[in-house]
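Overview (structure and organization)
The lines below spell out each chain.
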Amino acid sequence: MLTLYGLHWGWWGWMRRRSTPPKKLPSSNRPSAKPWPAVTVQIPLYNEPQMAARVIDACAQLDYPRAQLHIQVLDDSTDVTSQRVADRVAHWRAQGCSITHVQRSHRTGYKAGALAHGLTRTEDPFVAVFDADFVPPPHFLKALMPYFDTPEIGLVQARWAHLNPNTSWHTQSQAVGLNAHFALEQAGRWAGQYFMHFNGTAGIWRRQCIEDAGGWSDDTLTEDLDLSYRAQLAGWQFQYVEDVAVPAELPHTVSAWRTQQFRWTKGAIETARKLLGPLWRSSQQIGRKVAGTLHLLAHLAFPAIVGAALLHAPLLLLTDQRSIVSDAYLGALAIGGLGFVAFAAAVWTAQRALGASRWHTLRTLPMFLLGSMGLAVNNTQAVYAACTNVSIPFHRTPKGPTPTSSNTSRGTRRGEWMLGLYNLIGLLLLIHAGLWSGVPFQSILALSFLLMAGTDWWEHTRPPSAAPPISTVAPCKEAANPT
């Protein structure tokens, strides 16, 4: 499974290298006499007081004809966020901005429900979506809207950039992973005409596409992935634009990162259960079906990591026939090494494609590998919950530097401690037995789980004053930095 996952990433790296990367459409391609269409910008919020004003201000300053730009702040908050939203809405309305503060008395459908409710309050043919932690650059709409001159285009997705990639080792890991996703997966899928998806924010939808696909649905935790596949199965095409980067705040803490990844993992498996049947019954080419299946099931790599962590040392130790074990292990190592090399090469390609130096890539790649493996306990729980229909409500990613604590978070940390110590003992036993070929992989397993659990414990025990501040970098400056 891990080899297949690594080769899958290697394939997107190959697609990236052999294809011309998606570029921004020159503004000269738009006839000057053609008017800009009306666009509604939706900002879904829930209890995000530290982010609300920043995203509202950035959206209100988008460079677009005032008469054609309408902003909806979809506020389901139950705390001070609503008052801060009301203040900024009043401020921008006084400046002549068409902006409304939309509140519901319930959270039915969570984000999907809020977006669907907002659509009932506008007739605009295009809808842009920005989550609270995003800061769109002023040129965003004018850079992306020309792609809709092609009538088959139902979605245009921009790339994510990062406001705080160097806050900690795990924000570095997150940044590398997201860069790889956009520079390889999204770019490769777009270039190869495979299924790609809306990333939940920093994109623009054609309203007709949403409606033709059946609208927003809350029966999975990844409403964006679900709608994306339904839209493409209905015949719509998507466009990825790499040159337009929208910076966002990465989760500051391990607990927040886990919350985000749990939701993404569980939602992806739920979407797979919902749509793999329709995908394979459709008239899509076999290559698109296979690529879509690997896409929707990619998170099964995390149970495979847990399985490897549990079995690696025992399978080497529980036999006296060293030569047989050595031969078998070296064969497995060659197969697994092929996937690992493909995976690492793909991530390297992504970092370099986005302008990162060789030294920066060498320094951050190990952080990404450790972080990806360290998430295995958390994300395996998410896969299990999705496969067994465990009902878990939508939990937004906590914003800001203050960690949150829950029984689930503490339970995951205990699991990481246990698996880390288990692999550390296995490492010592391998060294004692002289099975040196197994030491590198066993070391990575032990370090990844201990690092994740240890960082989470430290973040929950340190004084709040020691937490790093939230970035307030101006959006137009940040968009210029692709990494």
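I will try to describe carefully the structure that is included in this document. These numbers were taken from a predicted model, which means no experiment stands behind them.

**What about the nonpolar core?**
- Formed by 68 residues in total, the largest nonpolar core has its most connected members in Val41, Ile71, Phe140, Leu141 and Trp205.
- Here the element with the most residues in this core is strand E7 (residues 237–248); it accounts for 6 residues.
- What Phe140 contacts, discounting residues up to four positions off in sequence, is Leu62, Phe130, Ala158, Ala202, Gly203, Ile204, Val244 and Val246.
- Among the nonpolar cores identified, the runner-up in size contains 18 residues, and Trp9, Phe343, Ala346 and Leu369 belong to it.

**Topic: unusual backbone geometry**
- Notably, Gln193 is not glycine yet its phi reads approximately 60 degrees, a positive angle.
- With respect to the element layout, Gln193 can be found in the loop between helix H6 (169–192) and strand E6 (203–206).
- The phi torsion at Ala202 lies on the positive side, around 60 degrees, for a residue other than glycine.
- Within the secondary structure layout, Ala202 lies in the loop between H6 and E6.
- Taking relative accessible area as the criterion, Ala202 reaches 0% and is therefore assigned buried.

**Examining the sheet that holds E7**
- Across the sheet, 7 strands lie side by side as E3-E2-E1-E4-E6-E5-E7; this open sheet has mixed pairing. Each having just a single partner strand, strand E3 (98–103) and E7 make up the two edges of the open sheet. The sheet shows a mean angle of 20 degrees between the axes of neighbouring strands, taken without regard to direction.
- The pairing of strand E2 (residues 69–75) with E3 spans 6 bridges and is parallel.

**Description of the pairing of E2**
- By the criterion of burial, E2 is predominantly enclosed, with 6 of the 7 residues buried.
- Where strand E1 (residues 39–45) lies against E2, 7 bridges are found, and the strand directions are parallel. Counted as the bridge partner of Leu45 is Asp75 from E2.
- A crossover links E1 with its parallel partner E2, the connecting element being helix H2 (residues 52–60), and its sense is right-handed.
- For the crossover that starts at E2, traverses helix H3 (residues 81–94) and ends in the parallel E3, the hand is right-handed.

**As for helix H9 (residues 254–281)**
- For H9, built from 28 residues, the straight-helix expectation of 40 Å at 1.5 Å per residue is met to within 8% by its first-to-last C-alpha distance of 40 Å.
- For H9, the tally of buried residues reaches 20 of 28 residues, placing the bulk of the element in the interior.

**What about a nonpolar patch on the surface?**
- A surface patch of nonpolar side chains, about 490 Å² in accessible area, is lined by Leu421, Leu424, Leu428, Ile431 and Trp436.
- Take Trp436: it is sitting in the loop between helix H15 (407–433) and helix H16 (439–461).

**Re the packing of helix H13 (residues 358–374) against H16**
- Two elements in contact, H13 and H16, have axes separated by 8 Å at closest approach and are oriented at 75 degrees. Between H13 and H16, the angle falls in the class roughly perpendicular. Here H13 contributes Leu370, Gly371, Met373 and Gly374 to the contact with H16, which in turn contributes Phe441, Ile444, Leu445, Leu447, Ser448, Phe449, Leu451 and Met452.
- Its residues placed into classes, the contact of H13 with H16 shows 9 nonpolar, 3 polar and no charged.

**Notes on the environment of Val244**
- The residue Val244 is located in strand E7 in this model.
- Separated by 101 residues in the primary sequence, Val244 and Ala143 have C-alpha atoms spaced 7.4 Å apart.

**Notes on the side chain of Gln174**
- Position of Gln174 among the secondary structure elements: in helix H6.
- You can call Gln174 buried: its relative accessible area is 5%.

**Quick look at the pattern of salt bridges**
- As enumerated under the stated definition, the model contains 14 salt bridges in all.
- Asp456 is the salt-bridge partner of Arg258, the closest N and O atoms lying 3.1 Å from each other. With Arg258 in helix H9 and Asp456 in helix H16, the pair connects residues that are 198 residues apart, well separated along the chain. In terms of burial, Arg258 and Asp456 fall into one category: buried.

**A look at the environment of Phe195**
- Along the polypeptide, Phe195 turns up in the loop between H6 and E6.
- Counting along the chain gives 93 residues from Phe195 to Arg288, while the straight-line C-alpha distance between them is 6.7 Å.
- Residues contacting Phe195, with those up to four places away along its chain left out, are Arg189, Tyr229, Gln232, Leu233, Leu279, Gln284, Arg288 and His295.

Reading the values: the criteria
- Residues numbered from 1 in each chain as written.
- Predicted model: local features only at pLDDT ≥ 70, side-chain atom pairs only at ≥ 80, totals over all residues.
- Heavy atoms only, no water.
- Core = buried A, V, L, I, M, F, W, Y, C linked by side-chain atoms within 4.5 Å.
- Buried < 20%, exposed > 50% of the residue type's maximum accessible area, 1.4 Å probe, protein only.
- Helix = DSSP H or I, 4+ residues; strand = E, 2+ residues; numbered from the N terminus.
- Contact = heavy atoms within 4.5 Å.
- Pairing = 2+ DSSP bridges.
- Axes fitted to C-alpha atoms, helices over the stretch in contact; angles between N-to-C directions.
- Right-handed = clockwise from strand over helix to strand, strands pointing away.
- Expected span 1.5 Å × (residues − 1).
- Patch = residues over 30% accessible without salt bridge, like charges linked within 9 Å, V, L, I, M, F, W, Y side chains within 5 Å.
- Areas by Shrake-Rupley, 256 points an atom, 1.4 Å probe, with all protein chains shown as cover.
- Salt bridge = Lys/Arg side-chain N within 4 Å of Asp/Glu carboxyl O.
- Parallel < 35°, antiparallel > 145°, perpendicular 65-115°, else oblique.
- Nonpolar A, V, L, I, M, F, W, Y, C, P; charged D, E, K, R; others polar.

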